[in-house]
Amino acid sequence: MPTIAGPSSSPQKHVVGSRSEIIGGLRSAEVNTSRKRKLRSDSAAEVAATTVLSGNLISTPMKWKSPRRCAVSIPKTSNEEIKEDSNGKLTSPVISAVKNLSVCLDVKSKWNPRDDDQMKAVKEALHVSKAPSTVVCREDEQRRVFEFVKGCMEQKKAGSLYICGCPGTGKSLSMEKVRQQAEDWAKQAGLPCPETVSVNCTSLTKTTDIFSKILGNNESGKKANGSSSPLQQLRSLFSQKQQQSSSKMMLIIADEMDYLITRDRGVLHELFMLTTLPFSRCILIGVANAIDLADRFLPKLKSLNCKPLVVTFRAYSKDQILRILQERLVALPFVAFQSNALEICARKVSAASGDMRKALCVCRSALEILEIEVRGSIDQEPQGPAPEGQVVKMDHMIAALSKTFKSPVVDTIQSLPQHQQIIVCSAAKAFRGSKKDRTIAELNKLYLEICKSSMITPAGITEFTNMCTVLNDQGILKLSHARDDKLKRVSLRVDEADITFALKEIRFFRNCLL
């Protein structure tokens, strides 16, 4: 009969015993691990509680460091790392870092479209009347104008400058900056500051009132004889030598000079002739939207010895519009627009007209679309928090663009003067066949036929060529280069369907396109 082994000699017992020891060790390890985890979680809770008790509530989510690296949870943290604050309470490096982070978060607030103050701040930054501190993308033009004014002031010599460009290209804003630069430079150079006369010609009741405004701002002119006209007084004033005390230069900025052209061309000639008088101190800067004004009146002004220097403000490109929008929005402490939304706005506006005012209008319209969308969500969930990521996105900007630009080509054609619209109609009729381009002389022949049939006084060949150049700048016609203007080849850049749609409401043009 086999002998039954005792407890002390049983190998199974040893195996069972070793297994129980292993299991017990694992359990103890688990208990210790869970205890460590509990201690670590408690330490993290203590850090959060300590932060709350110290009055530093963090309203925005922040990325916490691992508790293993926190000085509070590590038992071996040295006493030097835990210091006393001004109130005698113990503070750790973690709590100090949280305090510093909360200060940064207070400075950089988060965009909330439901916040009326934030929405108002963005709208004001994008408003047309908001003058930026610096005029970007027009540094070269400003430099040329300022150098002209500076040269006149240094030499105490009169001069005239003509600034032209499409609407919304920063002409008036740049002139305001040049005026400030001229005054600052005069103070630094020890010269008397020029007497500045800024006139918007559209505000004049009569075109001759511009001479009254110039005379009213002149110190010597106030003492002149009141029986003669303001123009005669200015002529007399600048035809005789002035005293040294009254020899200040006069900076005249005539904005919207197109008004003087359409109403009374004689006033325009007389205004430029003030700079040719022997003792004239006038620095005349004329600003107008008509690109071809200098070409149309240059022969006459040249014969009067008052040919102005011409500075052209080109339409803004896509990159320039994008940069200007970013410059206006970068000062805000939050981000309200997606970058791709601003980019598509700049791209569309530059392709249509390059008008910066139009780009600002589109961005404000997109912001209003977002505002309406947010109000709708508030009505549905009045107590709900503001959802994250509610910025002006691509769909908002596309809706604003479609609202602003029904069709860029159609809007451009509809805004053209009558004679330029007749040229567009002539081009549409000329290119209906297989022939895709013609000379300016051939296009002028069709233009004369339409004017004759409708008893409209046609423009001369020089003015006709200038109008074709304007249509080329606006992207409607395409002109090739040639020595003789009459031999330049003309082609149409837009579809005939757009021309027909733009002018179909006017019976005269509807009959022309038949």
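Calculation rules
Residues numbered from 1 in each chain as written. Predicted model: local features only at pLDDT ≥ 70, side-chain atom pairs only at ≥ 80, totals over all residues. Heavy atoms only, no water. UniProt positions renumbered as here; feature names shortened; annotations may be inferred. Helix = DSSP H or I, 4+ residues; strand = E, 2+ residues; numbered from the N terminus. Buried < 20%, exposed > 50% of the residue type's maximum accessible area, 1.4 Å probe, protein only. Contact = heavy atoms within 4.5 Å. Pairing = 2+ DSSP bridges. Axes fitted to C-alpha atoms, helices over the stretch in contact; angles between N-to-C directions. Salt bridge = Lys/Arg side-chain N within 4 Å of Asp/Glu carboxyl O. Core = buried A, V, L, I, M, F, W, Y, C linked by side-chain atoms within 4.5 Å.

- Under an unreviewed UniProt entry, the name given to the protein chain is Cell division control protein, and the source organism is Arabidopsis suecica.
- In the Subcellular location (unreviewed entry) part of its UniProt record, the protein chain is described as follows: "Nucleus".
- As stated in UniProt under Sequence similarities (unreviewed entry), the record for the protein chain gives "Belongs to the CDC6/cdc18 family."

**Thoughts on the overall build of the protein chain**
Point 1. Along its length, the protein chain carries 20 helices and 10 strands.
Point 2. Counting across all 514 residues of the protein chain, residues that qualify as buried make up 39%.
Point 3. In the protein chain, of all internal contacts separated by at least 6 residues, the share reaching a separation of at least 24 is 74%.

**Remarks on the sheet that holds strand β10 (residues 489–492)**
Point 1. Taken in spatial order, the 3 strands make up an open sheet running β8-β10-β9, and their pairing is antiparallel. The open sheet is flanked by β8 (437–439) and β9 (477–479), the only strands paired with a single partner. Between one strand and the next, the sheet's axes are offset by a mean angle of 30°, whatever the strand orientation.

**Looking at the pairing of strand β5 (residues 250–255)**
Point 1. Of all 6 residues in β5, 6 are buried, a share of seventy percent or more.
Point 2. Here β5 shows no split at all, with Met250, Ile252 and Ala254 on one side and Leu251, Ile253 and Asp255 on the other all buried.
Point 3. Here strand β4 (residues 195–200) pairs with β5 via 6 bridges, running parallel. Its bridge partner lying in β5, Ser198 is registered against Ile253.

**Quick look at the pattern of salt bridges**
Point 1. Under the counting rule described, the total for this entry stands at 11 salt bridges.
Point 2. Arg138 serves as the salt-bridge partner of Glu141, at 3.7 Å between the closest nitrogen and oxygen.
Point 3. Of the residues examined, Arg138 reaches a relative accessible area of 2% and is grouped as buried.
Point 4. Ionic pairing is found between Glu371 and Arg375, a salt bridge with its closest N-O pair at 3.2 Å. With Glu371 and Arg375 both in helix α13 (residues 356–380) and 4 residues apart, this pair spans about one turn of that helix.
Point 5. Salt bridges sharing partners connect three or more residues here, namely Lys123, Glu371 and Arg375.

**Structural notes on the nonpolar core**
Point 1. Ranked by internal contacts, the top residues of the largest apolar core, which has 39 residues, are Val122, Leu325, Phe337 and Met397.
Point 2. For this core, the secondary structure elements donating two or more residues are α3 (116–125), α11 (318–329), α12 (339–352), α13 and α14 (394–404).
Point 3. Ranked by residue count, the leading element in this core is α13, at 9 residues.
Point 4. The residues contacting Met397, other than those within four sequence positions of it, are Phe337, Ala341, Leu342, Ile344, Cys345, Val362, Cys363, Ala366 and Val392.
Point 5. Grouped together as the second largest cluster of nonpolar side chains are 33 residues, Ala427, Ile476, Leu503 and Leu513 included.

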